[in-house]
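The primary structure of each chain is shown beneath.
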Amino acid sequence: MKRVFLIVLDSFGIGAMEDAASYGDVGVNTLGTVSSSPFFHMPNMQEMGLFRIDGVKPSGGGSGEKNRAGTKDSRDCDTGSAIRQTAVTARMTERSKGKDTTIGHWEIAGIYSPGPLPTYPHGFPEEVLAPFRQKTGRGVLCNLPYSGTAVIQDYGDAHKETGDLIVYTSADSVFQIAAHEEVVPLEELYEYCRIAREILQGEHGVGRVIARPFVGPCGGQFTRTSHRHDFSILPPGITMLDQLSENGKDVIAVGKIKDIFAGKGITESVYTSGNEEGLERTLEYLDRDFEGLCFINLVDYDMLYGHRRDIAGYARALTYFDGRLPEIMGKMREDDLLMITADHGCDPGYQATTDHTREYTPFLMYGPKLEPENLGTRGSFADIGATVLHYFGMKPVFEGETMLQGRNSALSSAT
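My aim in this report is to walk through the structure given alongside it, one point at a time. (Residues numbered from 1 in each chain as written. Predicted model: local features only at pLDDT ≥ 70, side-chain atom pairs only at ≥ 80, totals over all residues. Heavy atoms only, no water.)

### Observations regarding the nonpolar core
Line of reasoning, step 1. Counting residues in hydrophobic clusters, the biggest one holds 42 residues, and the most contacted among them are Leu9, Phe12, Leu31, Met45, Leu318, Phe321 and Ile340.
Line of reasoning, step 2. When near neighbours in sequence (up to four residues on either side) are disregarded, Leu31 contacts Phe12, Gly13, Ile14, Phe40, Leu50, Phe51 and Val56.
Line of reasoning, step 3. With 41 residues, the next largest nonpolar core counts Val88, Ile260, Ala386 and Phe398 among its residues. (Core = buried A, V, L, I, M, F, W, Y, C linked by side-chain atoms within 4.5 Å. Buried < 20%, exposed > 50% of the residue type's maximum accessible area, 1.4 Å probe, protein only. Contact = heavy atoms within 4.5 Å.)

Structure below.
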């Protein structure tokens, strides 16, 4: 049985794309920033070839030297290495006009977005809020772009007193609803999100409606819980997931993958509370018999560290992931492929905004039968979806080129 494990390190960009300035992002580089931290240590991904990807170098200062010295030969991070690269690597270019989670994952799966999803820097218009209030029977607080941790501190007491819902957005295409779990039970909050999702279509078709439950006493510190739930807009075309499931393959979603694709093309799913649980579920699926794709999103890099501009936390989380890689690889079977990539950047050192950053993303593909090589810079994230389909003998219905080529072409049975 062939199996592909596709892991998205949410927001792990590797340097500004050529058009980054037009998105307000100048000199951004998520990997460059976090590799300067003394808590950054990724010897396993380094051996796979992370620092051989086009344009990628670890930080030149401070702990960068420590990172380079952490492997068998410091030259591995430069051009003439002493350590053999163990994976296929590439630098991925986002062809779509955006830099958010939905657009990034959609492009990985084969959907090109020629324009960004709508955003609301001044809050949502009355034509959205009026039917929302009418259908939920509750008022609305805030209605501004806001930090998710700050908004519950500033509006939490008023919410508990009135029962009105805290509605806010961000630089992303999102409609977020925060509610205290004692005031609005979870299932009721999720139903309000479904109502918002029905309203937010067409010109107001935001990428995601997000439930943001929290707890805590009035006048005290409110904290968000792990019961977040995303309600995404339906993908507008056929994806890699659709092609796989329609051809009898398993499509297993771990983390928020099901939400991103609104369940379309997915045969099985499991939600996770964060990176650690996401990796535990991945290891469990490595022990299971199935044929198809296990698609994993590890969200903490973006949600907990990128947007909060927490360089040390981001570096620690990457180090933790790298430390679990030997377990993952140790469970791989002869015909398995492991793919590691990202959906956009979120440079924790970039202080102009707290938004995502327009960056290239890494691609590393490892398998017991795979011959390592560097494939340079690719023209679209969709090459990942095309590669998955090619491995299972299918031709993509979308624009995308397989990366199982040259000496690895024999791995697939595509016709």
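### Some remarks on unusual backbone geometry
Line of reasoning, step 1. The phi torsion at Cys142 lies on the positive side, around 80°, for a residue other than glycine.
Line of reasoning, step 2. Locating Cys142 in the fold gives a position in strand S3 (residues 140-145).
Line of reasoning, step 3. The class of Cys142 is buried, set by a relative accessible area of 18%.
Line of reasoning, step 4. Positive phi outside glycine occurs at Arg309, with the angle close to 55°.
Line of reasoning, step 5. By the secondary structure assignment, Arg309 is in the loop between helix H11 (300-306) and helix H12 (311-330). (Helix = DSSP H or I, 4+ residues; strand = E, 2+ residues; numbered from the N terminus.)

### Quick notes on the pattern of salt bridges
Side-chain pairing between opposite charges can occur once the charged atoms of the two side chains come close.
Line of reasoning, step 1. The final tally for this structure, using the stated rule, is 23 salt bridges.
Line of reasoning, step 2. Of the charged contacts in the structure, one is a salt bridge between Asp25 and Lys99, with a shortest N-O distance of 2.9 Å. Taken as a pair, Asp25 in the loop between strand S1 (3-9) and helix H1 (30-34) and Lys99 in the loop between strand S2 (88-92) and helix H4 (101-108) lie far apart in primary sequence, 74 residues in all. We note that Asp25, like Lys99, is buried.
Line of reasoning, step 3. Between Arg228 and Asp230 there is a salt bridge, with its nearest N and O atoms 2.8 Å apart.
Line of reasoning, step 4. On the basis of relative accessibility, which here comes to 3%, the residue Asp230 falls in the buried class.
Line of reasoning, step 5. One network of salt bridges, with partners in common, ties together Asp19, Glu94 and Arg358. (Salt bridge = Lys/Arg side-chain N within 4 Å of Asp/Glu carboxyl O.)

### Overview of the packing of aromatic side chains
Aromatic ring pairs: the centre-centre distance and the angle between the two ring planes describe each pair.
Line of reasoning, step 1. If you walk through the whole model with that rule in mind, you get 10 aromatic pairs.
Line of reasoning, step 2. The ring of Tyr391 carries the charged tip of Lys2 above its face, separated from the ring centre by 4.4 Å.
Line of reasoning, step 3. Against the face of Tyr360 rests Arg91, its NZ or CZ located 3.9 Å from the ring centre. (Phe/Tyr/Trp six-rings, centres within 6.5 Å; stacked < 30°, edge-to-face > 60°. Lys NZ or Arg CZ within 6 Å of the ring centre and 35° of its normal.)

### Notes on the side chain of Thr341
Line of reasoning, step 1. On the secondary structure map, Thr341 appears in strand S12 (residues 336-341).
Line of reasoning, step 2. In terms of polar contacts, Thr341 uses its side chain to reach the backbone carbonyl oxygen of Pro362, at 2.8 Å.
Line of reasoning, step 3. Excluding residues within four positions of it along the chain, Thr341 makes contact with Leu6, Ile7, Val8, Leu9, Met92, Ile108, Thr361, Pro362, Phe363 and Ile384. (Polar contact = N/O pair within 3.5 Å; in protein donor to acceptor, adjacent residues only side chain to side chain.)

### Describing the side chain of Arg281
Line of reasoning, step 1. By the secondary structure assignment, Arg281 is in helix H10 (residues 275-286).
Line of reasoning, step 2. When its relative accessible area of 18% is taken as the criterion, Arg281 is described as buried.
Line of reasoning, step 3. Once residues lying within four places of it in the same chain are set aside, the contact partners of Arg281 are Val254, Val270 and Thr272.

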